[in-house]
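Each chain is listed here by its residues.
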Amino acid sequence: MFIEPSFSGTRYGWIEVICGSMFSGKTEELMRRLRRARIANLKVKVFKPALDTRYDEQQIVSHDEHMIRSIPLEHSRQILPLAEGMEVVGIDEAQFLDQELPAVCDELAGRGIRVVVAGLDMDFEGRPFGPVPFLLAKADFVTKLHAICMQCGDMATYSYRKSGDKSTLLLGEKDLYEPRCRRCYLLGQ
Ligand SMILES: Nc1ncnc2c1ncn2[C@@H]1O[C@H](COP(=O)(O)OP(=O)(O)O)[C@@H](O)[C@H]1O
Ligand SMILES: Cc1cn([C@H]2C[C@H](O)[C@@H](COP(=O)(O)O)O2)c(=O)[nH]c1=O
Ligand SMILES: [Zn+2]
């Protein structure tokens, strides 16, 4: 389990990335870290891409229906002025944000802000997804989570799409996706 580093009173910024397949617990882990930051009386702001309207336009909602309030973003650069005075910034569904996100996170960390980002590392075809792989390269801390394969019960790293739709962006839940291990993902159908 991730434990917040302590820098004996001096506040440094850093980047944490939480990645993995769908249903691996990324949003729950993001919420856990942000809840603990609020318990520590830190000033926290949370963001998500505006296009993720699955459950709610403003709330971040986990598959278990826990939620926290967030600010919807059209572009990652919008975070910079909004993060003024913050100590912790959380970002969910980072795969849907633009390629400037790694530079934005770098700038926030440079200001002394702790940045916690959650997102899919791979799309349904197993390709690196949006800015997340670049964030992984820049992160100070990386947590890769695993779901349970819906075919065999092993550890799942892939998000298998159950429909024939080939567009990279396709919002959905269990109706459209299931987490799978490498073997079951490659078997298909
Ligand atoms: N196949 C699965 N493997 C693991 N967790 C699952 C699965 N299906 C449903 N869940 C539920 O999803 C929760 C994780 O939800 P969430 O944090 O929103 O995941 P993510 O953000 O990674 O998609 C788990 O705690 C569990 O209750
Ligand atoms: C694999 C994959 C997923 N998506 C969409 C489906 C969901 O709306 C989100 C992922 O949500 P989660 O919190 O990680 O469960 O992304 C997509 O658009 N394209 C894909 O290839
Ligand atoms: Zn499997």
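In case you missed it, the structure is sitting above this.
Described in the following lines is the structure provided in the data block.

Rules used in this analysis
- Residues numbered from 1 in each chain as written.
- Chains lettered and ligands numbered in written order.
- Predicted model: local features only at pLDDT ≥ 70, side-chain atom pairs only at ≥ 80, totals over all residues.
- Heavy atoms only, no water.
- Donors = N, O, S within 2.8 Å, 3.2 Å for Na, K, Ca; no water.
- Tetrahedral: all angles 85-135°; square planar, octahedral: opposite > 155°, others 65-115°.
- Helix = DSSP H or I, 4+ residues; strand = E, 2+ residues; numbered from the N terminus.
- Buried < 20%, exposed > 50% of the residue type's maximum accessible area, 1.4 Å probe, protein only.
- Pairing = 2+ DSSP bridges.
- Near = heavy atom within 4 Å.
- Polar contact = N/O pair within 3.5 Å; in protein donor to acceptor, adjacent residues only side chain to side chain.
- Areas by Shrake-Rupley, 256 points an atom, 1.4 Å probe, with all protein chains shown as cover.
- 1 Å grid on protein atoms, 1.4 Å probe; cavity = no way out; pocket = protein on both sides within 12 Å on 5 of 7 lines; lining within 4 Å.
- Sits in = over half its atoms within 2 Å of the grid points.
- Nonpolar A, V, L, I, M, F, W, Y, C, P; charged D, E, K, R; others polar.
- Contact = heavy atoms within 4.5 Å.
- Phe/Tyr/Trp six-rings, centres within 6.5 Å; stacked < 30°, edge-to-face > 60°.
- Lys NZ or Arg CZ within 6 Å of the ring centre and 35° of its normal.
- Axes fitted to C-alpha atoms, helices over the stretch in contact; angles between N-to-C directions.

Those donors, Cys149 (SG), Cys152 (SG), Cys181 (SG) and Cys184 (SG), are the protein atoms that reach the zinc ion (ligand 3), and they lie 2.3 Å from it. Coordination at the zinc ion (ligand 3) is tetrahedral, judged from the 4 donor atoms that bind it and the angles of 102 to 118° they form at the metal. Counting gaps between the donor residues of the zinc ion (ligand 3) yields the pattern C-x2-C-x28-C-x2-C. Note that Cys149 is positioned in the loop between strand S9 (147–148) and strand S10 (155–156) and Cys184 in helix H5 (residues 182–187), a separation of 35 residues in sequence.

What follows is about the pairing of strand S12 (residues 177–180). If a strand is regular, its side chains alternate between the two faces of the sheet. Burial along S12 is two-sided: the residues Tyr177 and Pro179 and Glu178 and Arg180 are all buried. Across 4 bridges, the pairing between strand S11 (residues 158–161) and S12 is antiparallel. By the bridge assignment for S12, Tyr158 is matched with Arg180.

On to the site of ligand 1. Neighbouring ligand 1 are 16 residues, the closest being Phe23, Lys26, Thr27, His63 and Asp64. Contacts to ligand 1 include Thr27, whose side-chain N or O atom sits 2.9 Å from an oxygen atom. Here a nitrogen atom of ligand 1 and a backbone polar atom of Ile148 are 2.9 Å apart. Computed on the free molecule, ligand 1 has an accessible area of 580 Å², of which 81% lies beneath the protein chains in the complex. When each cavity is represented as a set of grid points, ligand 1 is found to reside in the largest pocket. Contributing elements (two or more residues each) for the shell around ligand 1: helix H1 (26–39) and S9. With 3 residues, the top contributor of residues to the shell around ligand 1 is H1. Of the residues contributing to the shell around ligand 1, the split by class is 6 nonpolar, 6 polar and 4 charged.

With that settled, the discussion passes to the environment of Lys174. Locating Lys174 in the fold gives a position in the loop between S11 and S12. Apart from residues no more than four positions distant in its own chain, Lys174 is found in contact with Phe23 and Lys162.

Let us now look at the packing of aromatic side chains. Counted by the stated rule, this structure contains 5 aromatic pairs. Measuring from ring centre to ring centre gives 6.3 Å for Trp14 and Phe141, while their planes differ by 80°; the resulting arrangement is edge-to-face. With Trp14 in strand S1 (residues 14–20) and Phe141 in strand S8 (residues 141–145), this residue pair connects regions lying 127 residues apart in the sequence. Judged by its relative accessible area of 7%, Trp14 is buried. Assessed through its relative accessible area of 28%, Phe141 is described here as partly exposed. The positively charged end of Arg161 is found above the aromatic ring belonging to Phe124, 3.6 Å away from the centroid. A cation over a ring is seen here: Arg180 above Tyr160, with NZ or CZ 3.5 Å from the ring centre.

Surveying the vicinity of ligand 2 reveals 19 residues, the closest of which are His63, Glu93, Phe124, Thr168 and Leu170. Side-chain polar atom of Arg161 to a nitrogen atom of ligand 2: 3.4 Å apart, as the coordinates give it. One nitrogen or oxygen atom from the side chain of Tyr177 is found 3.3 Å from a nitrogen atom belonging to ligand 2. Expressed as a share of its isolated accessible area of 490 Å², the protein-covered part of ligand 2 is 98%. Broken down by class, the residue content of the shell around ligand 2 amounts to 9 nonpolar, 5 polar and 5 charged.

Turning our attention to the sheet that holds S8. Taken together, 6 strands build an open sheet; the order of strands is S5-S2-S6-S7-S1-S8 and the sheet is parallel. In this open sheet, the two strands that pair with only one neighbour each are strand S5 (71–73) and S8. For this sheet, the mean inter-axis angle between neighbouring strands, taken without regard to orientation, is 20°. In this sheet, strand S7 (residues 114–120) lies alongside strand S6 (residues 88–91) in parallel orientation, the contact comprising 4 bridges. Across the sheet, the residue bridging to Gly90 is Val116, located in S7. Contacts from H1 reach S1, strand S2 (44–49), S6, S7 and S8 within the one sheet, and its direction differs from that of S7 by about 165°.

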